[in-house]
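# A closer look at the structure
What follows is each chain in one-letter form.
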Amino acid sequence: MAQPATHVSPPLKDELDIVIPTIRNLDFLEMWRPFFQPYHLIIVQDGDPSKTIQVPDGFDYKLYNRNDVNRVLGPKANCISYKDSACRCFGFLVSKKKYIFTIDDDCFVAKDPSAKEINALAQHIQNLLTPSTPFFFNTLYDPFREGADFVRGYPFSLRGGVPTAISHGLWLNIPDYDAPTQLVKPLERNTRYVDAVLTIPKGTLFPMCGMNLAFNRELIGPAMYFGLMGDGQPIGRYDDMWAGWCAKVICDHLGLGVKTGLPYIWHSKASNPFVNLKKEYKGIYWQEDIIPFFQSLVLPKECTTVEKCYIELSKLVKEKLGPIDPYFHKLGDAMVTWIEAWEELNSPRQGSTAQPNGIEKK
């Protein structure tokens, strides 16, 4: 007699939120339905809060707009960007799950070289649940992938690795280029599928893109602040970069790992390079000072938590970057406000796994 099929629950079904910033109807979810439907979504609506965002039936989600941000955070709401995808970090703030996967609404399911659809979320989960190796580079890349291991000469004392805090995925089709590169290569598309996951070495910064990104919220969540961007700010399109630089130096200090590579998504739409240039031009100039600042940054040994690291970092941002532009004083203050909001919404005394009210549908 045939045995009834056993139901296999999706990995981390009750431990992961999918965070999506948007200004439009979320028709793109239809393509992701086989992979996303079992999970809870947090949708952060940017722009006009009176606009109704349509979400396909069958998804379990909460939707927050700017009115909700103001209601939940009160005077601290000024640390959440407006009219910029940086608003996604509000979703990180109100989540009560251990893991976050965040994706943009112009990203679709990609296919690997065998034409099989890629379950990006499953690969991110695999990346996060296996250790990273930031202290010594393995020339077979991720030694914890099937069919790979540590190569000859790799120190046995380091083979246990460290917990993985961040999994940074990539994109086929439209690359994540800055405006000047877009302008000189308007037709360039990424068709290269590199079947690899790498740990980014300790002491090495990287340009983090927020459109296909997962992280362990308990390990690094307070550092995943996407800064002050968009409306009323002198800079845009550096939100994920800022979070990546801050998070990487904190991961290095606390002995946590960051991976990049698989999974790929299909990035469908190139943004306007002239609009992007207007948003980016100060960042392109400022980053020549920002990068050396992060490269030379040393956090004191007393900073033993992400929150303490981030508060110390906010002071250094104001001290070292403040002379470049008053914006960095404002950003440093917003970093402190973000930590205050994080601690307020995530303190043990809350004793609840309920998320602040938004529009909810199951």
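Thresholds applied
- Residues numbered from 1 in each chain as written.
- Predicted model: local features only at pLDDT ≥ 70, side-chain atom pairs only at ≥ 80, totals over all residues.
- Heavy atoms only, no water.
- Buried < 20%, exposed > 50% of the residue type's maximum accessible area, 1.4 Å probe, protein only.
- Helix = DSSP H or I, 4+ residues; strand = E, 2+ residues; numbered from the N terminus.
- Contact = heavy atoms within 4.5 Å.
- Phe/Tyr/Trp six-rings, centres within 6.5 Å; stacked < 30°, edge-to-face > 60°.
- Pairing = 2+ DSSP bridges.
- Right-handed = clockwise from strand over helix to strand, strands pointing away.
- Axes fitted to C-alpha atoms, helices over the stretch in contact; angles between N-to-C directions.
- Parallel < 35°, antiparallel > 145°, perpendicular 65-115°, else oblique.
- Left-handed = near helix turned anticlockwise from the far one by under 90°.
- Core = buried A, V, L, I, M, F, W, Y, C linked by side-chain atoms within 4.5 Å.
- Salt bridge = Lys/Arg side-chain N within 4 Å of Asp/Glu carboxyl O.
- Polar contact = N/O pair within 3.5 Å; in protein donor to acceptor, adjacent residues only side chain to side chain.

- The chain carries the name UDP-arabinopyranose mutase in an unreviewed UniProt entry, which gives Hevea brasiliensis as its organism.

## Remarks on helix H1 (residues 29–36)
- For H1, the complete set of buried residues consists of Leu29, Trp32, Arg33, Phe35 and Phe36.
- Looking at the buried side of H1, the elements it contacts are strand E1 (16–22), strand E2 (40–45), strand E4 (99–103), strand E5 (107–108), helix H4 (120–129) and strand E9 (257–267).

## Looking at the packing of aromatic side chains
- Summed over the entire model, instances satisfying the criterion amount to 21 aromatic pairs.
- Relative to Trp245, the ring of Tyr238 lies with its centre 6.4 Å away and its plane at 45°, an arrangement referred to as tilted.
- In this structure Tyr238 comes out as buried when scored by relative accessible area, which is 8%.
- With relative accessibility at 5%, the residue Trp245 sits in the buried group.
- When the ring of Phe293 is compared with that of Phe294, the centres are 5.0 Å apart and the planes differ by 65°; the resulting orientation is edge-to-face.
- Residue Phe293 is classed as buried on the basis of its relative accessible area of 9%.

## Some words on the pairing of E1
- For E1, the tally of buried residues reaches 7 of 7 residues, placing the bulk of the element in the interior.
- Alternating residues of E1 divide into Leu16, Ile18, Ile20 and Thr22 and Asp17, Val19 and Pro21, and every residue in both groups is buried.
- Inspection of the sheet shows E1 paired to E4 by 4 bridges, in the parallel sense. Across the sheet, Asp17 pairs through a bridge with Ile100, a residue of E4.
- Here 6 bridges tie E1 to E2, and the two strands are oriented parallel to one another. Each bridged residue has a counterpart across the sheet, and for Pro21 the counterpart in E2 is Val44.
- Assessed by its sense of winding, the connection that carries the chain from E1 through H1 to E2 is right-handed.

## Points about the packing of helix H7 (residues 239–254) against helix H8 (residues 273–296)
- Relative to each other, H7 and H8 sit at 15°, their axes nearing to 10 Å. On the basis of the axis angle, H7 is roughly parallel to H8. Crossing of H7 against H8: the hand is right-handed. On H8, the residues that touch Trp242, Trp245, Cys246 and Val249 of H7 are Gln287, Ile290, Ile291 and Phe294.

## A closer look at the nonpolar core
- Among the nonpolar cores identified, the biggest contains 69 residues, and Ile166, Ile220, Trp242, Tyr310 and Leu313 are the most heavily contacted of them.
- Here this core takes 10 residues from helix H10 (residues 327–346), the largest share from any one element.
- Apart from residues lying up to four places away in sequence, Leu313 is in contact with Cys246, Val249, Ile250, Phe293, Phe294, Leu297 and Met335.
- Within the second largest apolar cluster, 32 residues are counted, among which are Leu26, Phe35, Phe36 and Leu41.

## Looking at the pattern of salt bridges
- The final tally for this structure, using the stated rule, is 15 salt bridges.
- Put simply, Glu344 and Lys76 hold a salt bridge, and the shortest N to O gap is 3.2 Å. Of this pair, Glu344 sits in helix H10 while Lys76 sits in the loop between helix H2 (66–73) and helix H3 (89–94), and the two are 268 residues apart along the sequence.

## Here's the deal with H4
- Within H4, 7 of the 10 residues are buried, leaving the element largely enclosed by the surrounding structure.
- Of all the residues in H4, the buried ones are Ala120, Leu121, Gln123, His124, Ile125, Asn127 and Leu128.

## A few points about the side chain of Asp105
- Within the secondary structure layout, Asp105 lies in the loop between E4 and E5.
- Among the polar contacts listed, one links the side chain of Asp105 to the side chain of Thr22, at a separation of 2.6 Å.
- Within the local environment of Asp105, its side chain forms a polar contact with the side chain of Arg24, the two groups lying 2.9 Å apart.
- Dropping the residues within four chain positions of it, Asp105 is found in contact with Pro21, Thr22, Ile23, Arg24, Leu26 and Phe28.

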